[in-house]
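The chain contents come next:
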Amino acid sequence: MKKGPSQGLALLGMGQLALESWAVAHGQAAFRGRQIYDWIYSKGGRDINGISALPRYWRQKLSQDAINIGRSEELQRYIAADGTIKLLLRTSRDGETIETVGIPTTHRLTVCVSSQAGCPMACRFCATGKGGLQRSLSTGEILDQVLSIREALNRRPSHIVFMGMGEPLLNIEVVLETVQSLTDDFGISQRRITISTVGIPKTLPILAELALNRLGRAQFTLAVSLHAPNQKLREALIPSACIYPLNELLDDCRRYVRRTSRRISFEYILLEYVNDEPFHAEELAERVRGFQSHMNLIPYNPITEETFQCPSISRIDRFRKILERRGISVSIRASRGLDKNAACGQLRHRQSEEGVK
Ligand code: SF4
């Protein structure tokens, strides 16, 4: 059962200056705002009552006014043999469930964050898309995912990818505000942040301008999910692609590269016998020829609701070699936490079928 909406103000998502101003507006000295900032971002505090440095009467007043940090509750935790961790979180605001993933390696901890609860894009191979969109997340709710993985693994995240639930460009203002906070409040440089999109008409120019104007630069990586080398197959896999022809998407990508001077990373999920034949690779190579880009091949992680399968290693390798022969820079994403419960949206889907307690 979902919680009723929390009426109070959540402080997570406000930066140091904003918290200082907020404290002053509440009749306190600015340094009280810095104490709250330190509690939220450095100590990972979950409860305003825990900030013993604040005067007791003020803490009581904040509690009465339902001012809270805005941390979520962990409902479920799934840890794969390779250390990949997936959390199912319940938001403090209204009890929506969202997933976040931590991917640790020797030198990195990448957090894959959700930007929306659910997703309206309905990609056929994705469990999240099956349930539609509930709502977009706030900056605080996205940052909460980063804090939750930091706590779960007791390690500072080094890289952030907006590749969890939701289409980031449908929540573009909040996503860019979060990028700003990740650099200012978590010390994660823009170059270690990736924003992934399946493509929303007319938004790539907006993304470039907003990033340049608000953040001063657009140094994060933009990852564009192609998943097919032609419009017909793309529409079959991504229904929302019917309003955004592949040619137009690629033209917008070229403009984005010219405006930001940043290379684009293309994503291509490999589905056995669907889009992984040699002629698909040839057509894909032709599409992105002369592009300042990189192709990231993603072997499919099966979900229970669909019959798509992951190609064999030899088929994946054949696809890669064709692209490389055509001069395209290619990498194959290593499978992490590979089982049916670990694909995007699976924990949440199962939880909603069982009913959130
Ligand atoms: S793959 Fe991404 S864009 Fe497509 S439905 Fe899933 S979450 Fe949404």
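You'll find the structure just up there.
Residues numbered from 1 in each chain as written. Predicted model: local features only at pLDDT ≥ 70, side-chain atom pairs only at ≥ 80, totals over all residues. Heavy atoms only, no water.

**Student:** Looking at this structure, how should I read the side chain of asparagine 296?
**Tutor:** Within the secondary structure, asparagine 296 sits in strand S11 (residues 293-299). Side-chain polar atoms of asparagine 296 contact the side chain of glutamate 267, separated by 3.4 Å. Aside from chain neighbours lying at most four places away, what touches asparagine 296 is Ser265, Phe266, Glu267, Tyr268, Ser331, Ile332 and Arg333. (Helix = DSSP H or I, 4+ residues; strand = E, 2+ residues; numbered from the N terminus. Polar contact = N/O pair within 3.5 Å; in protein donor to acceptor, adjacent residues only side chain to side chain. Contact = heavy atoms within 4.5 Å.)

**Student:** Explain the packing of helix H10 (residues 278-287) against helix H11 (residues 313-325) here, please?
**Tutor:** A pair of packed helices is characterised by two quantities: the angle between their axes and the separation of those axes. H11 packs onto H10 with a crossing angle of 30 degrees between their chain directions and a minimal axis gap of 9 Å. Taken together, the axes of H10 and H11 are roughly parallel relative to one another. The hand of the H10/H11 crossing is right-handed. Contact residues: H10 offers Pro278, His280, Ala281, Glu282, Leu284 and Ala285, while H11 offers Arg318, Phe319, Ile322 and Leu323. Residues belonging to the contact of H10 with H11 are distributed by class as follows: seven nonpolar, one polar and two charged. (Axes fitted to C-alpha atoms, helices over the stretch in contact; angles between N-to-C directions. Parallel < 35°, antiparallel > 145°, perpendicular 65-115°, else oblique. Left-handed = near helix turned anticlockwise from the far one by under 90°. Nonpolar A, V, L, I, M, F, W, Y, C, P; charged D, E, K, R; others polar.)

**Student:** Could you clarify how one ought to interpret the pairing of strand S7 (residues 159-162) in this entry?
**Tutor:** Working note: regular strand, side chains alternate between the two faces of the sheet. Of the two faces of S7, the one lined by His159 and Val161 and the one lined by Ile160 and Phe162 are each fully buried. Across three bridges, S7 lies against strand S8 (residues 193-197) in parallel orientation. Directly across from isoleucine 160, in S8, lies its bridge partner isoleucine 193. For the segment spanning S7, helix H6 (residues 172-186) and S8, crossover handedness is right-handed. (Buried < 20%, exposed > 50% of the residue type's maximum accessible area, 1.4 Å probe, protein only. Pairing = 2+ DSSP bridges. Right-handed = clockwise from strand over helix to strand, strands pointing away.)

**Student:** Hey, could you run me through the pattern of salt bridges in this one?
**Tutor:** Pairs can form between side chains of opposite charge whenever their charged atoms are close. Counted according to the given criterion, the structure contains 27 salt bridges. Ionic pairing is found between aspartate 65 and lysine 61, a salt bridge with its closest N-O pair at 2.6 Å. Look at lysine 61 and you get partly exposed, because its relative accessible area is 41%. Salt-bridge contacts for arginine 135 lead to glutamate 141; the nearest nitrogen and oxygen are separated by 2.8 Å. As far as the burial class goes, arginine 135 and glutamate 141 line up, both buried. (Salt bridge = Lys/Arg side-chain N within 4 Å of Asp/Glu carboxyl O.)

**Student:** Explain the site of the ligand here, please?
**Tutor:** Around the ligand, the neighbouring residues are Cys119, Met121, Ala122, Cys123, Cys126, Gly129, Gly164 and Gly166. The residue inventory of the shell around the ligand, partitioned by class, reads five nonpolar, three polar and no charged. (Near = heavy atom within 4 Å.)

**Student:** Teacher, can you tell me more about helix H7 (residues 203-215) here?
**Tutor:** The α-helix advances 3.6 residues per turn, and as a result positions three or four apart in sequence lie on the same side. With 13 residues, H7 extends 17 Å between its outermost C-alpha atoms, agreeing within 8% with the 18 Å of an ideal straight helix rising 1.5 Å per residue. Those residues of H7 not exposed but buried are Thr203, Leu204, Leu207, Ala208, Leu210, Ala211 and Leu215. On the buried face of H7, the contacting elements are H6, S8, strand S9 (221-225) and helix H9 (246-260). (Expected span 1.5 Å × (residues − 1).)

**Student:** Help me out: how do you make sense of the nonpolar core in this one?
**Tutor:** Counting residues in hydrophobic clusters, the biggest one holds 99 residues, and the most contacted among them are Phe125, Phe162, Phe220, Leu226, Phe266 and Met295. No other element matches the seven residues that H6 contributes to this core. Two domains each put at least three residues into this core: domain 1 (16-64) and domain 2 (73-354). Leave out the neighbours within four places in its chain, and leucine 226 touches Arg234, Ile238, Leu246, Leu249, Leu250, Phe266, Glu267, Leu284, Val288 and Met295. (Core = buried A, V, L, I, M, F, W, Y, C linked by side-chain atoms within 4.5 Å. Domains from an automatic or database assignment.)

**Student:** Would you mind going over unusual backbone geometry with me for this structure?
**Tutor:** Among all residues except glycine, the phi angle is most often negative; among peptide bonds, the trans geometry is most common. For histidine 227, which is not glycine, the phi dihedral falls at a positive 65 degrees. Locating histidine 227 in the fold gives a position in the loop between S9 and helix H8 (231-237). Residues other than glycine seldom take positive phi values, yet tyrosine 273 does so here, at roughly 65 degrees. Note on placement: tyrosine 273 falls in the loop between strand S10 (264-270) and H10.

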